[in-house]
Amino acid sequence: MSFDKVVLKFASPALCGIKPSCLFSMTEDTFFQVFPRIRKWNQSLSAFGRKLVVLKTLCTYLIFVYDQNLLEKTVCEFNAISYLKEKNYPVNKGSEKILHELFRRLCENKSSGFPHEVGLFLGYPLEDVKCFERFGGRGSKYTGSWAVYGDVESACRKMKEYRKCSDECCALYDKGLNVVDISTNYKANIMKEVC
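Criteria and cut-off values
- Residues numbered from 1 in each chain as written.
- Predicted model: local features only at pLDDT ≥ 70, side-chain atom pairs only at ≥ 80, totals over all residues.
- Heavy atoms only, no water.
- Phe/Tyr/Trp six-rings, centres within 6.5 Å; stacked < 30°, edge-to-face > 60°.
- Helix = DSSP H or I, 4+ residues; strand = E, 2+ residues; numbered from the N terminus.
- Buried < 20%, exposed > 50% of the residue type's maximum accessible area, 1.4 Å probe, protein only.
- Lys NZ or Arg CZ within 6 Å of the ring centre and 35° of its normal.
- Pairing = 2+ DSSP bridges.
- Axes fitted to C-alpha atoms, helices over the stretch in contact; angles between N-to-C directions.
- Contact = heavy atoms within 4.5 Å.
- Salt bridge = Lys/Arg side-chain N within 4 Å of Asp/Glu carboxyl O.

A. Focus on the packing of aromatic side chains. By the definition in use, this model includes eleven aromatic pairs. Judged by centre distance (4.2 Å) and plane angle (10 degrees), the ring pair of Phe31 and Tyr61 falls under stacked. Taken together, the residues span a long stretch of sequence, with Phe31 in helix α2 (residues 28–45) and Tyr61 in strand β3 (residues 61–67) at a distance of 30 residues. In terms of burial, Phe31 and Tyr61 fall into one category: buried. Taken together, the ring pairs connect Phe31, Phe32, Phe35 and Tyr61 into an aromatic cluster. Directly above the aromatic system of Phe10 lies the positively charged group of Lys9, at a separation of 5.7 Å from the ring centroid. Looking at Lys56, its charged tip hangs above the ring of Tyr61, at a distance of 5.2 Å from the centre.

Right under this line is the structure:
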């Protein structure tokens with residue numbers, strides 16, 4: 001599978017502006033091959049408030065793809081701010097500093113896995129993020145893209161919406177469209193088919 005299609009498979013919901021962010025990994029070899037393409041995409045996508053950030057961890061590269069407006073709305077919500085404050089995030093310094101703190105934590109990640117609060121940035125309901133942390137993933141009502149402890153019906157609708165977006169974007173790529181055009185021009189068409 002081409003790197004472009006991997007990006008669409010794992011990050012379409014953020015690229016199309018229906019999810020705050022998506023996160024996936026790639027190897028060092030892949031990073032060196034595709035970094036110029038990521039830089040070019042960022043130049044085109046920045047006008048739409050979307051960005052791909054490459055993070056280097058101990059053993060891999062992470063790609064954090066986000067929609068700036070959705071992410072800011074997500075992390076600046078009152079309950080999210082309270083939660084992030086408990087986690088020692090610089091909540092009084094704005095969403096950009098909060099995001100940079102997440103990046104720092106992801107890069108310093110040891111073998112213990114991702115910091116639990118990453119789920120909030122990925123758009124998972126705060127209740128699900130907190131319960132996953134508290135119960136270590138056990139006892140959820142449903143498990144799909146994330147472990148659901150709260151409203152299963154709402155979570156399943158969101159998961160379906162995200163999956164449909166990824167599938168449709170990959171299909172558009174197979175028809176010859178590129179990542180930037182798909183990300184910036186096809187949100188309305190994708191959303192019509194989901195609803």
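B. View of the sheet that holds strand β1 (residues 21–26). Read from one edge of the open sheet, three strands run β1-β3-β2, paired in antiparallel fashion. Every other strand in the sheet has two partners, leaving β1 and β2 (50–56) as the edge strands with one partner each. Neighbouring strand axes in the sheet, compared pairwise and without regard to direction, differ in orientation by 20 degrees on average. Pairing of β1 with β3 involves six bridges; the strand directions are antiparallel. By the bridge assignment for β3, Ser25 is matched with Leu62. The sheet strands contacting α2 are β1, β2 and β3, and the helix crosses β2 at an angle near 155 degrees.

C. Quick peek at the environment of Ile98. Positionally, Ile98 belongs in helix α5 (residues 95–107). Taking the relative accessible area as the measure of exposure, Ile98 reaches 0% and is therefore buried. Expressed as a C-alpha distance, the spacing of Ile98 and Val179, which sit 81 residues apart in the sequence, is 28 Å. Leaving out residues up to four positions away in the same chain, Ile98 has contacts with Ile81, Leu84, Tyr89, Pro90, Val91 and Phe121.

D. Quick look at unusual backbone geometry. Even without a glycine there, the phi angle at Asn88 is positive, about 65 degrees. On the secondary structure map, Asn88 appears in the loop between α4 (78–86) and α5.

E. Here's a closer look at the pattern of salt bridges. The full count for this structure, using the stated rule, is ten salt bridges. Notably, a salt bridge pairs Glu161 with Lys158, separated by 3.8 Å at the nearest N-O pair. In this pair, Glu161 and Lys158 are both assigned in helix α8 (residues 152–174), three residues apart and thus about one turn of the helix distant. Take Glu161: its relative accessible area is 14%, and that puts it in the buried class. Take Lys158: its relative accessible area is 34%, and that puts it in the partly exposed class.

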